[in-house]
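# Structural description and commentary
Below, each chain spelled out in residue letters.
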Amino acid sequence: MFPLHRSRRLRQNESIRSLVRETNLSPADFMFPMFIVEGENQEIEIPSMPGIFRRSIDLTVKEVQELYDLGIRAVNIYVKVSDDLKDNTGKEAWNPDGLMQRAIRAIKTACPEIIVMPDVALDPYSMYGHDGIIKNGAVENDSTVDALVKMAVSHAQAGADFVAPSDMMDGRILRMREGLDSAGFHNVGIMSYSAKYASAFYGPFRDALDSAPKETGEVVPKDKKTYQMDYANRIEAIKEAVWDAEEGADMVMVKPGTAYLDIVREVKDAVNVPVAVYHVSGEYAMIKAAAEKGWLDHDKIMMEQLMCIKRAGASLISTYFAKEAAILLNNLD
């Protein structure tokens with residue numbers, strides 16, 4: 001009690017603050033999400049995500065090597081699929097010569113040490129923009145899971161270290177684990193998007209991949225709320241994460257990030273596997289826009305948010321700021 005205890009003694013200067021700091025960031029805490037397109041020497045900036053690009057495989061490989069040199073050890077990859085390859089089955093998702101599969105092989109050949117976690121969901125391949133197969137006007141769970149298992153196995157065959165199912169179908173982790181094991185990929189991990197909320201923060205991402213639900217004139221769900229979680233719910237997130245861990249997930253994820261740190265902490269306390277957090281496109285875009293206006297200090301806000309995500313319990317942060325933050329941290333060292 002005061003005056004015997006004075007908390008400010010431990011805040012007097014940066015040297016003291018650094019000695020007692022409870023949470024620290026390093027480039028190894030980050031995973032960088034990457035968008036891949038067909039072609040060569042293609043680099044197209046995403047208007048709603050300044051500094052983030054869709055890149056062809058050759059330029060993606062070059063960027064991965066730069067990331068690895070900065071100390072970043074994982075990438076989460078997504079592909080923008082041509083409209084003529086989209087249908088309601090998602091069959092292009094497990095094409096052994098598909099864009100995703102070629103990208104995985106190229107990245108692992110050029111930089112074998114980087115951890116590659118390809119996205120597993122049907123929305124980039126769906127004519128409807130949904131994460132699953134549409135039947136009778138709804139996203140049908142079990143046939144979608146069958147397709148996701150094929151997709152995950154094809155990623156493993158291409159050389160993925162982990163698969164990252166973001167679809168939110170029921171039971172897909174168990175079936176995916178069984179499918180990977182049956183195909184001989186016992187050491188390929190699963191990072192499950194366990195608590196993925198139906199969030200408005202995903203808007204720029206859907207621009208990047210053209211993966212928003214489509215207006216087709218047919219009777220299909222207008223949004224993803226029948227499978228992504230209601231953002232009013234907390235207990236449901238814990239249940240989803242626990243179930244996924246029990247079904248064989250090696251990591252679980254909470255998405256989005258900063259508005260859901262209460263969920264991150266509770267999930268961290270509930271499971272015995274690492275917890276990843278996705279600092280999503282809308283969070284990135286808001287900081288970029290406010291900094292461009294001169295309303296916020298870009299680097300300070302970036303680092304504060306990333307530190308707070310880790311403090312809440314994240315073992316891994318998937319963030320579009322990964323490269324910028326790693327450069328800043330390396331310069332501080």
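Computed from a prediction, not measured in an experiment: that's the story for all the values here. (Residues numbered from 1 in each chain as written. Predicted model: local features only at pLDDT ≥ 70, side-chain atom pairs only at ≥ 80, totals over all residues. Heavy atoms only, no water.)

## With respect to the environment of alanine 241
Topologically, alanine 241 is positioned in helix α7 (residues 235–247). Sequence spacing of alanine 241 and asparagine 41 is 200 residues, and the spatial spacing of their C-alpha atoms is 40 Å. When residues no more than four places from it in sequence are discounted, the contact partners of alanine 241 are Ser194, Val252, Val267 and Val271. (Helix = DSSP H or I, 4+ residues; strand = E, 2+ residues; numbered from the N terminus. Contact = heavy atoms within 4.5 Å.)

## Focus on the pattern of salt bridges
This structure, assessed with the given rule, holds 22 salt bridges. With its nearest N and O atoms 2.5 Å apart, the salt bridge here joins aspartate 87 to lysine 91. In this structure, arginine 234 and glutamate 266 form a salt bridge, with 2.9 Å as the shortest nitrogen-oxygen distance. In this pair, arginine 234 sits in the loop between α6 (203–209) and α7 while glutamate 266 sits in helix α8 (residues 261–270), placing the two residues 32 residues apart along the sequence. What makes arginine 234 partly exposed here is its relative accessible area of 38%. (Salt bridge = Lys/Arg side-chain N within 4 Å of Asp/Glu carboxyl O. Buried < 20%, exposed > 50% of the residue type's maximum accessible area, 1.4 Å probe, protein only.)

## Quick notes on the nonpolar core
The biggest cluster of nonpolar side chains holds 107 residues, and the ones touching the most others in it are Phe35, Val75, Ile77 and Met191. Ranked by residue count, the leading element in this core is helix α4 (residues 141–158), at nine residues. Beyond its immediate chain neighbours, meaning those up to four positions away, valine 75 contacts Met31, Phe32, Met34, Val64, Leu67, Ile114, Ile115, Val116 and Met117. (Core = buried A, V, L, I, M, F, W, Y, C linked by side-chain atoms within 4.5 Å.)

## Some words on the UniProt feature "active site" (unreviewed entry) in the protein chain
Here the UniProt feature "active site" (unreviewed entry) sits at Lys196 and Lys255. Spatially, the listed residues are clustered: although they cover 60 residues, their C-alpha atoms lie within 4.8 Å of one another. Among all residues touching lysine 196, those that are not within four sequence positions of it are Asp131, Ser166, Met168, Tyr202, Gln228, Met229 and Lys255. At a separation of 3.0 Å, a polar atom in the side chain of lysine 196 contacts the main-chain carbonyl oxygen of serine 166. Turning to its location among the elements, lysine 255 is positioned in strand β10 (residues 251–255). In contact with lysine 255, other than residues within four places in its own chain, are Tyr193, Ala195, Lys196, Tyr197, Tyr202, Tyr278 and Val280. (UniProt positions renumbered as here; feature names shortened; annotations may be inferred. Polar contact = N/O pair within 3.5 Å; in protein donor to acceptor, adjacent residues only side chain to side chain.)

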